[in-house]
Amino acid sequence: MQPLIRAASLRGFAELVTELGGDPDRLLARFGIEPETLADEDGLLSITDHDRMLDVAAAHLRCPDLGLRLAERQDVTILGPIARAIGSSQTPAEALECAARFMFVHSPALRIEVADDPWGRRGVNALTYRKELTESPYSPQAAELGLGVFYRVAVHLVGQSTGLRSVEVPHGPLSPVGRYLGFFGVDVKFDRPAAALCVDRRMLDATFASADEDLRRAALDYLTGSYSDPSDSVAHQVRRLVGERLPGRVPTLAEVARALLLHPRTLQRRLAAVDTTYGRVVDDLRRDRAHRFITTSDLSFTQIADLVGFAEQATLSHAARRWFGMSPGELRRTTNLSP
């Protein structure tokens, strides 16, 4: 149940790495991504592996603006079926509503929202781009890729007159500030709470020349009929409730059922209907979090055991051999992030 992302997010990656003197197949293999996966843009891969590979590639190739360079090779079509609904919308506000509603099709870990301007400027809104960090760690390169594509989609839809006032980046500059100014064309503010494009509110009501209500309705009908938001599933709700209690004691099935306003037997039946059990959901959550902490942090294995709800490190070691076929130490060594 790790969060996934469509392979289209890596469009242009292999070519860019090759141009920079790297070996894309070697990078893909390092993170367990089959080269064939990139050939099918609707294919799915772990967003954690996707993001870690971007960070490692940027360091290894000495290319601090790798995320922005990759964004320059992409456009709205990487969103697949969502792109059709966005492109046929009447206004930017309508397009954003569609993107926010169906972003889970591209990746359930990503969120787009319209928020108030963080600087309190009158007539300005922040279009935020966020990743769910409880399921996958923050990646500076992936954040710049996502924000860069977000900007390029805006330019594609409304032209250069996007009403962009400033850009918010959650980390410090990875490249010279001039690189960001050249890409976005406006003031870029770093170490901010969330990635965002801050735009004139009036631009959200502009009318697209490409608007087509019949095409938009057909695209929305297809999305609604073909995809289900995983956050609506009972297994996802159980996973979220258990995850909120970690570190700490794992709640019982009865406690989770009570939080969901369900009888425990009803919860068991609903989980069985999607071919899982309460114990399996908890085990999957522990496995995914343990893998993330082991491979993306320097936390001790005792700390990681506590974070996933185990009383002692020995229990984590035993579980790791069952989950991954190796000890936590071996797993960490095989996925060392050193360039």
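Residues numbered from 1 in each chain as written. Predicted model: local features only at pLDDT ≥ 70, side-chain atom pairs only at ≥ 80, totals over all residues. Heavy atoms only, no water.

Peer 1: Hey, could you go over helix α13 (residues 278-296) for me, with residue numbers and the actual values?
Peer 2: Taking 1.5 Å as the rise per residue, α13 with 19 residues should run 27 Å; its terminal C-alpha atoms sit 27 Å apart, in good agreement. With 14 of 19 residues buried, α13 lies mostly within the body of the structure. (Helix = DSSP H or I, 4+ residues; strand = E, 2+ residues; numbered from the N terminus. Expected span 1.5 Å × (residues − 1). Buried < 20%, exposed > 50% of the residue type's maximum accessible area, 1.4 Å probe, protein only.)

Peer 1: Talk me through the nonpolar core; I want residue IDs and the actual numbers.
Peer 2: Core analysis: the biggest nonpolar cluster contains 71 residues, and Phe13, Ile86, Val167, Phe184 and Leu197 have the highest contact counts within it. The element best represented in this core is helix α7 (residues 140-158), accounting for nine residues. Leave out the neighbours within four places in its chain, and Phe184 touches Leu68, Leu147, Gly148, Tyr151, Leu164, Val167 and Leu197. Val234, Leu262, Leu267 and Leu271 belong to the second largest nonpolar core, which has 18 residues in total. (Core = buried A, V, L, I, M, F, W, Y, C linked by side-chain atoms within 4.5 Å. Contact = heavy atoms within 4.5 Å.)

Peer 1: Break down the environment of Leu164 for me, with residues and values.
Peer 2: Here Leu164 lies in strand β5 (residues 164-168). Remark: the alpha-carbon pair of Leu164 and Leu220, spanning 56 residues in sequence, is separated by 28 Å. Once residues within four sequence positions are removed from consideration, Leu164 is found in contact with Tyr151, Phe184, Val186, Leu197, Cys198 and Val199.

Peer 1: Hey, could you go over the sheet that holds strand β6 (residues 187-189) for me, with residue numbers and the actual values?
Peer 2: Ordered in space as β3-β4-β7-β5-β6, the five strands form an open sheet in which the pairing is mixed. Both outer strands of the open sheet, β3 (110-116) and β6, are each paired with one neighbouring strand and no more. Averaged over all adjacent pairs, the angle separating strand axes in this sheet is 20 degrees, with direction ignored. By the bridge criterion, six bridges tie strand β4 (residues 124-131) to strand β7 (residues 195-200) in an arrangement that is antiparallel. Along β7, the bridge assignment pairs Tyr129 with Ala195. The strands touched by helix α8 (residues 177-184) are β5, β6 and β7; relative to β6, the strand with the most contacts, the crossing angle is about 125 degrees. (Pairing = 2+ DSSP bridges. Axes fitted to C-alpha atoms, helices over the stretch in contact; angles between N-to-C directions.)

Peer 1: Now, about the packing of aromatic side chains: what can you tell me, with residues and values included?
Peer 2: Across all of its chains, the model carries eight aromatic pairs by this definition. Summarising the aromatic geometry, the rings of Phe102 and Phe104 are spaced 6.2 Å apart at their centres and angled 40 degrees between planes, so their arrangement reads as tilted. Each of the two residues, Phe102 as well as Phe104, counts as buried. By the ring-pair criterion, three or more aromatic residues cluster together here, those being Tyr151, Phe183 and Phe184. For Lys189, the ring lying beneath its charged end belongs to Trp119, and the centroid distance is 4.9 Å. (Phe/Tyr/Trp six-rings, centres within 6.5 Å; stacked < 30°, edge-to-face > 60°. Lys NZ or Arg CZ within 6 Å of the ring centre and 35° of its normal.)

Peer 1: An account of a negative patch on the surface is requested, with residue identities and associated values reported.
Peer 2: On the surface, Asp23, Asp25, Glu34 and Glu36 cluster together into a patch of negative charge. You can see Asp25 is positioned in helix α2 (residues 24-30). (Patch = residues over 30% accessible without salt bridge, like charges linked within 9 Å, V, L, I, M, F, W, Y side chains within 5 Å. Areas by Shrake-Rupley, 256 points an atom, 1.4 Å probe, with all protein chains shown as cover. Salt bridge = Lys/Arg side-chain N within 4 Å of Asp/Glu carboxyl O. Lys, Arg positive; Asp, Glu negative; His and termini not counted. Charge placed at Lys NZ, Arg CZ, Asp CG, Glu CD.)

Peer 1: Report on the side chain of Arg239, specifying residues and quantitative values.
Peer 2: In this fold, Arg239 is placed in helix α10 (residues 234-245). Taking the relative accessible area as the measure of exposure, Arg239 reaches 3% and is therefore buried.

Peer 1: Summarise helix α12 (residues 264-273); cite the residues concerned and give the values.
Peer 2: Of all the positions in α12, only Thr266, Leu267 and Leu271 are classed as buried. Angularly, the buried residues of α12 cover 135 degrees about the axis, an arc narrow enough to put them on a single face. Of the exposed residues in α12, those oriented more than 90 degrees away from the buried face are Arg265, Arg269 and Ala273. Structurally, α12 contributes buried residues whose contacts are with α10, α11 (253-259) and α13. Of the residues trailing α12, Asp275 is marked for its positive phi of about 60 degrees. (Arc of directions from axis to C-beta.)

Peer 1: I'd like to hear about the pattern of salt bridges, residue by residue, with values.
Peer 2: Scanning the entire structure with this criterion turns up 24 salt bridges. Between Arg179 and Glu72 there is a salt bridge, and its shortest N-O distance comes to 3.3 Å. Of this pair, Arg179 sits in helix α8 while Glu72 is found in the loop between α4 (66-71) and α5 (81-87), placing the two residues 107 residues apart along the sequence. For Glu72, a relative accessible area of 39% gives the class partly exposed. The closest approach of N and O atoms between Glu213 and Arg217, which form a salt bridge, is 3.0 Å. Note that Glu213 and Arg217 are positioned in helix α9 (residues 213-226) at a spacing of four residues, about one turn of the helix.

Peer 1: Please provide a residue-by-residue account of the environment of Phe310, values included.
Peer 2: Within the element layout of this structure, Phe310 appears in the loop between α14 (301-307) and α15 (313-324). Taking C-alpha positions, Phe310 is 39 Å from Arg62, a pair spaced 248 residues apart along the chain. Leaving out residues up to four positions away in the same chain, Phe310 has contacts with Arg286, Ala305, Thr315, Leu316, Ala319 and Trp323.

Peer 1: How would you sum up the packing of helix α6 (residues 92-106) against α9? Please name residues and give values.
Peer 2: Each pair of packed helices can be summarised by the angle the axes make with each other and by the distance between the axes. Interaxial distance between α6 and α9 falls to 11 Å at its minimum, and their mutual angle equals 20 degrees. On the basis of the axis angle, α6 is roughly parallel to α9. Here α6 and α9 pass one another in a crossing that is left-handed. Contacts between α6 and α9 pair Glu94, Cys98, Arg101, Phe102 and Val105 from the former with Arg216, Leu220, Leu223 and Thr224 from the latter. Among the residues making up the contact of α6 with α9, the classes are represented as five nonpolar, one polar and three charged. (Parallel < 35°, antiparallel > 145°, perpendicular 65-115°, else oblique. Left-handed = near helix turned anticlockwise from the far one by under 90°. Nonpolar A, V, L, I, M, F, W, Y, C, P; charged D, E, K, R; others polar.)

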